[in-house]
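Read off the chains here:
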Amino acid sequence: MKSLFLASMLVLGLAGCATQPETNSTMIDRQELRVDPEVVYTADVTELFKSRLTLPDGGSLLQVQFAVEARSHTELGWKVTWFDDVGMVVKGVGESYRQATLLTGQTRYFKATAPHARATSFQLHLREPK
Amino acid sequence: MLIRALAISAGIAVLAGCAAPTRYIDPAADDGPVAMTMDYRDFEKAATDAVEDMLSSGAVNNPDGSRYIMVVSRITNDTMQRIDTDQLTKKIRVSLLRSGKVVTTTAVGLNGAEDEMNMKARELRDSEEFDQSGVQRKGTLQAPDLSLSGKILQRNHKVGKEQQVEYYIQLSLTELASGLAIWEGETPIIKRGSDKSVSW
């Protein structure tokens, strides 16, 4: 009887130590734009637009357009990650960063289209390719 | 003799220590050097450009809300490299399928069905060995609405002391009912590097 009590206490103790997985679906306040410091040093993101493109079948797709203005010759990599309305990633065509080169004083406009109508939010990341 | 054997062993050990270790590359975080030949990053860029443009143009949106059926036609490799064009078309097919707009048929192809099982499974019709309730009936295969075709071109130039290699990935999506190309795209991939680099 005593051993049963001890075993029960041990099980309860271990259960208490276990980390509970996060099951709350509350959205983390995710930044739509993330620019690495190396890029900020040479270029600015001057515009960031998002809109839903209406399609002939009545559906729509999220589109993102952003502008980058370079103060000096800049090479950058950019990538848009798409999320559905509960914050889960919507897989795109590829995973790699798209490369872009900007000449001094040049402003370039980039556009990305969500891979599925399910995508409702995004995160744009700009980094300097090594 | 012993000294020579020791010297050779030491030399091998030193050389082995200098060799770069084999490692996995994560395509999502690859800062590795660029090759003059076409690599996976080039196919990924071309497929991303093509799919995003197809989706945003509305070309792959069936107005009745159903999915279009696409067949992959000829993608000509006009480069100096041996390229399996499936590296490009598979990415496009997968992404279009995921988009919910297009499904690809494997029952039709320029050199016969991509999956011969489509017809083989129908040869079971009237066989007494098979439960006929599970055998495919006549007239169930779906004919394609759209055809994806294209070409990959390569042009080499000498630029000063460097070499410039230009690749052009050209794709067309033809509406088979009318024979009209309802979407077309071209992704140029330009690389400049050492004249000693090999691009084939």
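Refer to the structure presented above.
This one's a predicted model, so the numbers in the text were calculated from it and none came from an experiment.

Thoughts on the overall build of chain B
Item 1. Helices and strands together make up the secondary structure of chain B, namely four helices and five strands.
Item 2. In chain B, the succession of helices and strands from N to C terminus is α-α-β-α-β-α-β-β-β.
Item 3. Classification of the 200 residues of chain B by burial places 36% in the buried group.
Item 4. Put simply, 65% of the contacts in chain B that link residues at least 6 apart link residues at least 24 apart.
Item 5. Here chain B has roughly 12400 Å² of accessible surface; of this, 54% comes from carbon and sulfur atoms.

A few points about helix 3 (residues 86-99) of chain B
All names here are of chain B.
Item 1. With 14 residues, helix 3 extends 19 Å between its outermost C-alpha atoms, agreeing within 8% with the 20 Å of an ideal straight helix rising 1.5 Å per residue.
Item 2. Among all positions of helix 3, only Leu88, Thr89, Ile92, Arg93, Ser95, Leu96 and Ser99 are buried.
Item 3. Here the buried face of helix 3 lies against helix 2 (40-57), strand 1 (68-78), strand 2 (102-104), strand 3 (146-159) and strand 4 (162-175).
Item 4. Phi turns positive one or two residues past the end of helix 3, at Gly100, with a value near 80 degrees.

A word on the interface of chain A and chain B
Item 1. Listed per partner, the contact involves 24 residues of chain A and 22 residues of chain B.
Item 2. Taking both sides of the interface into account, the surface hidden between chain A and chain B amounts to around 1800 Å²; carbon and sulfur atoms contribute 50%.
Item 3. Inspection of the chain A/chain B interface yields seven residue pairs in polar contact (both at pLDDT 80 or more).
Item 4. Elements with a minimum of two residues in the side of chain A that touches chain B: strand 3 (60-70) and strand 7 (107-113) of chain A.
Item 5. Among the elements that take part in the side of chain A that touches chain B, strand 7 of chain A stands out by supplying three residues, more than any other.
Item 6. Here the residues of the side of chain A that touches chain B are counted per class, giving 10 nonpolar, six polar and eight charged.

Comments concerning the sheet that holds strand 5 (residues 180-194) of chain B
All names here are of chain B.
Item 1. Strand order in the open sheet formed by five strands is 2-1-3-4-5, with mixed pairing between adjacent strands. Two strands close off the open sheet at either side, each with one partner strand: strand 2 and strand 5. Within this sheet the neighbouring strands show an average axis-to-axis angle of 30 degrees, counted without direction.
Item 2. Packing of helix 2 onto the sheet brings it into contact with strand 3, strand 4 and strand 5, and relative to strand 5 it is tilted by some 150 degrees.

A closer look at the nonpolar core
One broad rule of soluble globular proteins: the nonpolar side chains tend to lie buried together.
Residue and element names in this part refer to chain B.
Item 1. Judged by nonpolar contacts, the single largest core of 33 residues is most densely connected at Met54 and Ile92.
Item 2. Mapped by element, the contributors of at least two residues to this core are helix 2, strand 1, helix 3, strand 3, strand 4 and strand 5.
Item 3. Contact partners of Met54, with chain neighbours within four places excluded, come to Ala59, Val60, Ile92, Leu96, Leu148, Leu173 and Trp183.

As for the sheet that holds strand 3 of chain A
Item 1. What the three strands build is an open sheet, ordered 2-3-7 (chain A); its pairing is antiparallel. Each of the sheet's edge strands pairs with one partner strand only, and the pair in question is strand 2 (43-54) and strand 7 of chain A. Direction aside, the axes of adjacent strands within the sheet are offset by 15 degrees on average.
Item 2. Here strand 3 of chain A pairs with strand 7 of chain A via seven bridges, running antiparallel. In the strand pairing of strand 7 of chain A, A:Gln63 is matched with A:Thr113.
Item 3. Across the sheet, helix 2 of chain B lies against strand 2, strand 3 and strand 7 of chain A, angled at about 75 degrees from strand 7 of chain A, the strand it touches most.

So, how was this worked out
Residues numbered from 1 in each chain as written. Chains lettered and ligands numbered in written order. Predicted model: local features only at pLDDT ≥ 70, side-chain atom pairs only at ≥ 80, totals over all residues. Heavy atoms only, no water. Helix = DSSP H or I, 4+ residues; strand = E, 2+ residues; numbered from the N terminus. Buried < 20%, exposed > 50% of the residue type's maximum accessible area, 1.4 Å probe, protein only. Contact = heavy atoms within 4.5 Å. Areas by Shrake-Rupley, 256 points an atom, 1.4 Å probe, with all protein chains shown as cover. Expected span 1.5 Å × (residues − 1). Buried area = accessible area lost by both parts, 1.4 Å probe. Polar contact = N/O pair within 3.5 Å; in protein donor to acceptor, adjacent residues only side chain to side chain. Nonpolar A, V, L, I, M, F, W, Y, C, P; charged D, E, K, R; others polar. Pairing = 2+ DSSP bridges. Axes fitted to C-alpha atoms, helices over the stretch in contact; angles between N-to-C directions. Core = buried A, V, L, I, M, F, W, Y, C linked by side-chain atoms within 4.5 Å.

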